[in-house]
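# Overview (structure and organization)
Now for the letters of each chain:
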Amino acid sequence: MVLRDLFKDTIRTLWAHKLRTALTMFGIAWGIVSITLMVAAGEGLRVGQARVAESFGKDIMIVFGGRTSMQAGGTRAGRVMRWEADDYKHIQASCPDVALVVPEIGQGSVPVRSQINSGSFLVTGSLPHFAEIRSIKIAAGRYCNWDDERDARRVCVIGSEVHKQLFEEGEAVGQTLLVGGYPYTVVGVMKRKEQDSSYDGQDVSKVFLPFATIMRDFPNTPPASATSVDRLIVTPKSFEQNDEAKRQVRRALAQLHGFDPRDEEAAPIWDTVENARQFRTMTDGMKYFLGGVGLTTLFLGGIGVMNVMMVAVRERTREIGVRKAVGATSREILWQFFCETLIVVFI
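A short tour of the structure in this document, coming up. The model shown is predicted, which means the values in this text are computed figures rather than measured ones. (Residues numbered from 1 in each chain as written. Predicted model: local features only at pLDDT ≥ 70, side-chain atom pairs only at ≥ 80, totals over all residues. Heavy atoms only, no water.)

## Describing the overall build of the protein
Of the regular secondary structure elements, the protein holds 11 helices and 12 strands. Looking at the protein as a whole, 43% of its 347 residues are labelled buried. Within the protein, counting contacts between residues at least 6 apart in sequence, those at least 24 apart form 73% of the total. If you sum the accessible surface of the protein, you get close to 18,400 Å²; carbon and sulfur atoms cover 59% of it. (Helix = DSSP H or I, 4+ residues; strand = E, 2+ residues; numbered from the N terminus. Buried < 20%, exposed > 50% of the residue type's maximum accessible area, 1.4 Å probe, protein only. Contact = heavy atoms within 4.5 Å. Areas by Shrake-Rupley, 256 points an atom, 1.4 Å probe, with all protein chains shown as cover.)

## A closer look at the nonpolar core
One finds V63, W83, I158, L177 and V207 to be the most contacted residues of the largest nonpolar core, which totals 64 residues. The greatest single-element share of this core, amounting to seven residues, is contributed by strand β3 (residues 98–113). With sequence-adjacent residues up to four places away left out, L177 is seen in contact with V112, R113, S114, C156, I158, L166, F167, Y182, P183, Y184 and V186. (Core = buried A, V, L, I, M, F, W, Y, C linked by side-chain atoms within 4.5 Å.)

## Focus: the packing of aromatic side chains
Within a pair of aromatic rings, the relevant descriptors are the distance that separates the centres and the angle that separates the planes. If you walk through the whole model with that rule in mind, you get six aromatic pairs. The interplanar angle of 40° and the centroid separation of 6.4 Å between the aromatic rings of W83 and F259 together place this pair among those described as tilted. Highlighted residues: W83 in strand β2 (residues 83–84) and F259 in the loop between α8 (242–257) and β12 (269–271), separated in sequence by 176 residues. Consider the rings of Y182 and F218, whose centres lie 5.8 Å apart with planes at 85°: the pair is edge-to-face. (Phe/Tyr/Trp six-rings, centres within 6.5 Å; stacked < 30°, edge-to-face > 60°.)

## A short note on α8
The end-to-end C-alpha distance of α8 is 23 Å, a good match for the 22 Å that 16 residues give at a rise of 1.5 Å each. Every buried residue of α8 is accounted for by N242, A245, K246, Q248, V249, R250, A252, L253, A254 and H257. (Expected span 1.5 Å × (residues − 1).)

## Quick notes on the environment of I214
If you trace the backbone, I214 turns up in helix α7 (residues 211–217). With a relative accessible area of 0%, I214 lands in the buried category. Along the primary structure I214 and I105 are separated by 109 residues, whereas in three dimensions their C-alpha atoms are 7.7 Å apart. Among residues more than four places away in sequence, those in contact with I214 are I105, V123, T124, G125, L209 and P219.

## Here we look at unusual backbone geometry
In this structure, P223 follows P222 across a cis peptide bond, with omega equal to 10°. Looking at the secondary structure, you find P223 in the loop between α7 and β10 (228–229). Although it is not a glycine, S109 adopts a positive phi angle of roughly 55°. Relative to the assigned elements, S109 resides in strand β3. With a relative accessible area of 60%, S109 lands in the exposed category. Non-glycine residue S135 carries a positive phi angle of around 55°. Here S135 shows up in the loop between α4 (129–133) and β5 (138–141).

## Examining the packing of helix α3 (residues 87–94) against α8
Helix packing geometry: the angle between the two helix axes and the distance between the axes. Here α3 crosses α8 at 130°, and the two axes come no closer than 9 Å. Relative to α8, the element α3 is oriented oblique. Crossing hand, α3 versus α8: right-handed. Residues D87, H90, I91 and S94 of α3 form the contact with α8, whose own contacting residues are V249, A252, L253, Q255, L256 and H257. (Axes fitted to C-alpha atoms, helices over the stretch in contact; angles between N-to-C directions. Parallel < 35°, antiparallel > 145°, perpendicular 65-115°, else oblique. Left-handed = near helix turned anticlockwise from the far one by under 90°.)

## Overview of the pattern of salt bridges
Tallied over the entire structure, the rule returns 19 salt bridges. Across the salt bridge formed by R231 and D200, the nearest N and O atoms sit 3.7 Å from each other. Pair noted here: R231 is in strand β11 (residues 231–236) and D200 is in the loop between β8 (182–190) and β9 (206–210), with a separation of 31 residues, a long-range link. Here R231 falls in the buried class, since its relative accessible area comes to 8%. Given the relative accessible area of 24%, D200 is considered partly exposed. Three or more residues are tied together by salt bridges with common partners; here these are E104, R134, K193, D200, D203, K206, D230 and R231. (Salt bridge = Lys/Arg side-chain N within 4 Å of Asp/Glu carboxyl O.)

## As for the state of the cysteines
Formally, a disulfide is one covalent bond, and it connects the sulfur atom of one cysteine to the sulfur atom of another. One pass over the full model with this rule turns up zero disulfides. Between C144, a cysteine without a disulfide, and C156, which holds the nearest cysteine sulfur, the sulfur-to-sulfur distance is 7.4 Å. (Disulfide = S-S within 2.5 Å.)

## Side note on the environment of A99
With respect to the helices and strands, A99 occurs in strand β3. The sequence separation of A99 and A245 amounts to 146 residues, and the corresponding C-alpha distance is 9.0 Å. In this structure, A99 is in contact with Q92, T235, P236 and K237, ignoring residues within four places of it in sequence.

Such coordinate-based values are descriptive only and should not be taken to indicate function.
This is the structure in structure tokens:
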């Protein structure tokens with residue numbers, strides 16, 4: 001039997017048993033679609049969450065001032081910890097596993113006025129590295145640079161929602177804003193971003209100032225000192241160095257402020273790297289589980305196909321006998337059933 005005759009005979013047989021062929025194809029398709037959708041759902045969840053997390057900041061730790069829970073150096077427990085503006089320099093110099101560290105200070109509900117509109121917004125200030133660490137993308141203009149920091153210039157970058165409210169989405173770069181009564185020049189507008197987590201508010205609704213400027217114009221008020229900051233933001237040199245970087249940061253702050261470096265309550269740390277690691281473990285488990293369910297579904301579909309083909313062989317016992325009677329070999333008969341299976345699978 002030549003290949004062309006075999007192909008024609010196979011198509012003729014499949015067409016004669018349309019219902020059986022359709023059921024076989026459905027079993028194969030159902031298994032393939034199930035495993036594809038289940039694995040894709042788990043992977044899509046992981047990738048989507050990773051993108052949203054990176055919009056907040058990639059591999060960062062936020063170090064807050066807490067309250068001591070352990071005695072240290074003759075001092076009682078219960079002391080309130082507040083970081084100072086120069087603490088970041090000591091951390092950067094003494095922590096080899098830390099890539100970047102910046103201080104941050106913010107003041108809420110500061111009145112901001114443009115020539116068109118006004119509103120109250122959160123005003124925050126940090127060093128120029130803040131834009132890189134916190135994933136602040138610029139849609140127009142630029143972010144505050146080191147010249148602004150050195151000269152303590154009254155310049156600002158506004159979030160996309162601030163831009164929308166104060167300028168009705170018109171040109172903002174180069175315009176003057178009154179921020180808490182001080183005139184500031186807008187040098188940049190932040191690109192809109194999705195953010196599902198925050199420690200003080202959505203970035204799109206903030207006004208960003210140079211660190212030296214906000215420390216002069218909007219310092220913390222008593223009982224905090226005028227040189228204190230709200231938090232420190234730290235990035236490790238690598239994902240693997242995160243745990244050691246966290247220990248080094250807490251040890252460096254303990255040296256500066258006289259608390260026990262084992263006292264986690266004195267310096268609570270929001271570790272987004274650890275959160276990402278836990279989420280990755282969860283999504284990997286989901287991916288393996290869903291993949292296993294999909295493989296089981298595919299296996300059950302294969303059993304269904306096998307049963308259908310066994311019924312087909314039983315129904316065609318007489319046909320097989322006739323073929324052998326006219327000279328067909330067992331190999332040729334087996335090859336025909338194999339071709340039928342291949343055609344069903346590829347279709």
